[in-house]
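# Structural overview for review
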Amino acid sequence: MAADWTVQHHTGEFSSDTKQNLRNLYSGHCAVCGQKRESPFGHLEAEAAHIHPAQHGGPDTEANGLLLCRQCHWGFDSGWLSLTDDARIIVSNDDAADGYEYFQQFSNDPIEPPRVNDLEPLPRFTQIHRKLSGFDPINTGDQLTIGGLRSGKVRLIDGRQVIVEGSTDKALVVNCEVTSVGSQTVRCSHQTTLEQRVETDSGRTESPFKLDPVDYSFDKLEEYVREIKRDYSGVVQKWEWGRLFRNGRTKYGLSHKDIADTINVEGASELQVQRAERVYEMFPDRGYEGNEIPFSAIAELQRIFPNTEDARAAYDCIAATDISLTTMETRAWVELLLSESEVTRETVRDSVEEYVPKSNVGLSERVSRILAVHNEYLSTFTPS
Ligand SMILES: [Zn+2]
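Summarised in this report is the structure supplied together with it. Note that this is a predicted model, so its numbers are computed, not measured.

Calculation criteria
Residues numbered from 1 in each chain as written. Predicted model: local features only at pLDDT ≥ 70, side-chain atom pairs only at ≥ 80, totals over all residues. Heavy atoms only, no water. Donors = N, O, S within 2.8 Å, 3.2 Å for Na, K, Ca; no water. Tetrahedral: all angles 85-135°; square planar, octahedral: opposite > 155°, others 65-115°. Helix = DSSP H or I, 4+ residues; strand = E, 2+ residues; numbered from the N terminus. Contact = heavy atoms within 4.5 Å. Axes fitted to C-alpha atoms, helices over the stretch in contact; angles between N-to-C directions. Parallel < 35°, antiparallel > 145°, perpendicular 65-115°, else oblique. Left-handed = near helix turned anticlockwise from the far one by under 90°. Buried < 20%, exposed > 50% of the residue type's maximum accessible area, 1.4 Å probe, protein only. Pairing = 2+ DSSP bridges. Phe/Tyr/Trp six-rings, centres within 6.5 Å; stacked < 30°, edge-to-face > 60°. Lys NZ or Arg CZ within 6 Å of the ring centre and 35° of its normal.

## A look at the coordination of the zinc ion
- Listed as protein donors to the zinc ion are C30 (SG), C33 (SG), C69 (SG) and C72 (SG); their distances from the metal cover 2.3 to 2.4 Å.
- For the zinc ion, the 4 donor atoms in the first shell make angles of 101 to 116° at the metal, a pattern classed as tetrahedral.
- Sequence spacing of the donor residues for the zinc ion, all on one chain, is C-x2-C-x35-C-x2-C. Highlighted residues: C33 in the loop between α1 (16–25) and β1 (47–50) and C69 in the loop between β2 (65–68) and α2 (70–78), separated in sequence by 36 residues.

Below, the structure is given as structure tokens:
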């Protein structure tokens, strides 16, 4: 059931905050060759590179990014370079053709370490990069997001043609399961179609609390954190906090605890700094706007799903319905989905009895609401 939730919500470039954070994390150096080059006018020649590509559903987050010079970026995107799970550089074709010796010298080197160690490249992203660029085999049963598909066939995976069975040419994004792998083609079965790409960029509002990265001082950070606490609550407060904390940590190489200790604001404990950053990471596009889902329910999703993308995908399913579940009803529903039991009136009732404390709200009312959300979820996110 969880696989059906791989609904894409990020296409295109990193947000400007993530790009700046990657420049800070790698101090302007290319993570592969270590070079730092600037134009005569002081402009950095370095690019924010996706590990799990955005068009294949890779998220907008620092742990899915690298700072690379143009040459290494090309090498990384074109199939010459990839990373092991412990972020060592691997190079395609060790006795490479003339003219491509340049990349060989980095083989088996560790990348430049990012200055915050909980934001180094995550294995779940490097694993996908190795599959997409031909370093690891693609196997039958692999779950892959094929992005940008406009017709039944597309040439995308390690130079091979991808044939998606049963896709319509309206499909923009599909989640697929690989059914057979040949030398020229990869066949996938079609699982989900999003007929319209959600435009998240339009109308993106600028935060009033954007610290200039050039003079990012702790006094200013503390002042903003207090102002946000005074003026905002719930998800908005956590998002604004999360962005400030993430930017501060990447600039100074600090842990969550360092930030909590340094700013000394009541309520901004190490745990809350961490949670706020996860809210920021779940909604790089502020996609929480217009939904009535309370922060406590989001915190519950964060607790159930340690992986931020899974938490976001579950959130998207709930947000796609017009019925608002309470935090504990959300938990009862999600726990049931995770258990992969069939969703029936009986199993929902069992789950509510297990997870929702008794109150004035009747059991059958809760069960009906959860079933309504579940039916809405099925009609929104499964192929017709
Ligand atoms: Zn480089």
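## Looking at the environment of A87
- Relative to the helices and strands, A87 resides in the loop between β3 (81–83) and β4 (89–91).
- For the pair A87 and T126, spaced 39 residues apart in the sequence, the C-alpha separation amounts to 8.0 Å.
- Those residues in contact with A87, other than ones at most four positions away along the chain, are D109, P110 and I111.

## With respect to the packing of helix α11 (residues 327–338) against helix α12 (residues 345–355)
- The interhelical angle for the contact between α11 and α12, taken along N-to-C directions, is 125°, at an axis separation of 9 Å. Regarding the angle of α11 to α12, the classification is oblique. Crossing of α11 over α12 shows right-handed handedness. In this structure, α11 uses M328, R331, A332, E335 and L336 to contact α12, whose residues at the interface are T347, V348, S351, V352 and Y355.

## Notes on the pairing of β2
- Residues G65 and L67 line one face of β2 and the alternating positions L66 and L68 line the opposite face, and both faces are buried.
- Pairing of β1 with β2, which is carried by 4 bridges, proceeds in the antiparallel orientation. Across the sheet, A48 pairs through a bridge with L67, a residue of β2.

## Some details on the environment of I298
- Relative to the assigned elements, I298 resides in helix α9 (residues 295–304).
- When its relative accessible area of 0% is taken as the criterion, I298 is described as buried.
- Measuring from C-alpha to C-alpha, the distance between I298 and R312 comes to 8.9 Å, with 14 residues separating the pair along the chain.
- Setting aside its immediate chain neighbours within four residues, I298 contacts V235, V279, M282, F283, I293 and Y315.

## Considering unusual backbone geometry
- In this structure, A87 takes a positive phi of about 60° despite not being glycine.
- Unusually for a residue other than glycine, N264 sits at a positive phi of about 55°.

## Quick word on the packing of helix α7 (residues 256–263) against helix α8 (residues 270–282)
- Running from amino to carboxyl end, α7 crosses α8 at an angle of 115°, the nearest separation of the two axes being 8 Å. Between α7 and α8 lies a crossing of right-handed hand. Of α8, the residues touching α7 (which contributes H256, K257, I259 and A260) are E270, V273, Q274 and E277.

## Focus: the packing of aromatic side chains
- With the rule as written, the count across this model stands at 9 aromatic pairs.
- Ring geometry for F218 versus Y252: centroids 5.0 Å apart, planes at 35°, classification tilted. Of the two residues, F218 is situated in helix α5 (residues 218–231) and Y252 in helix α6 (residues 234–252); the sequence distance between them amounts to 34 residues.
- Classification of F218 as partly exposed rests on a relative accessible area of 25%.
- Owing to a relative accessible area of 32%, Y252 belongs among the partly exposed residues under this scheme.
- Taken together, the aromatic side chains of W239, Y280, F283, Y288 and Y315 make up a single cluster linked through ring pairs.
- Over the face of the ring belonging to W239 we find R286, whose NZ or CZ atom lies 4.1 Å from the ring centre.

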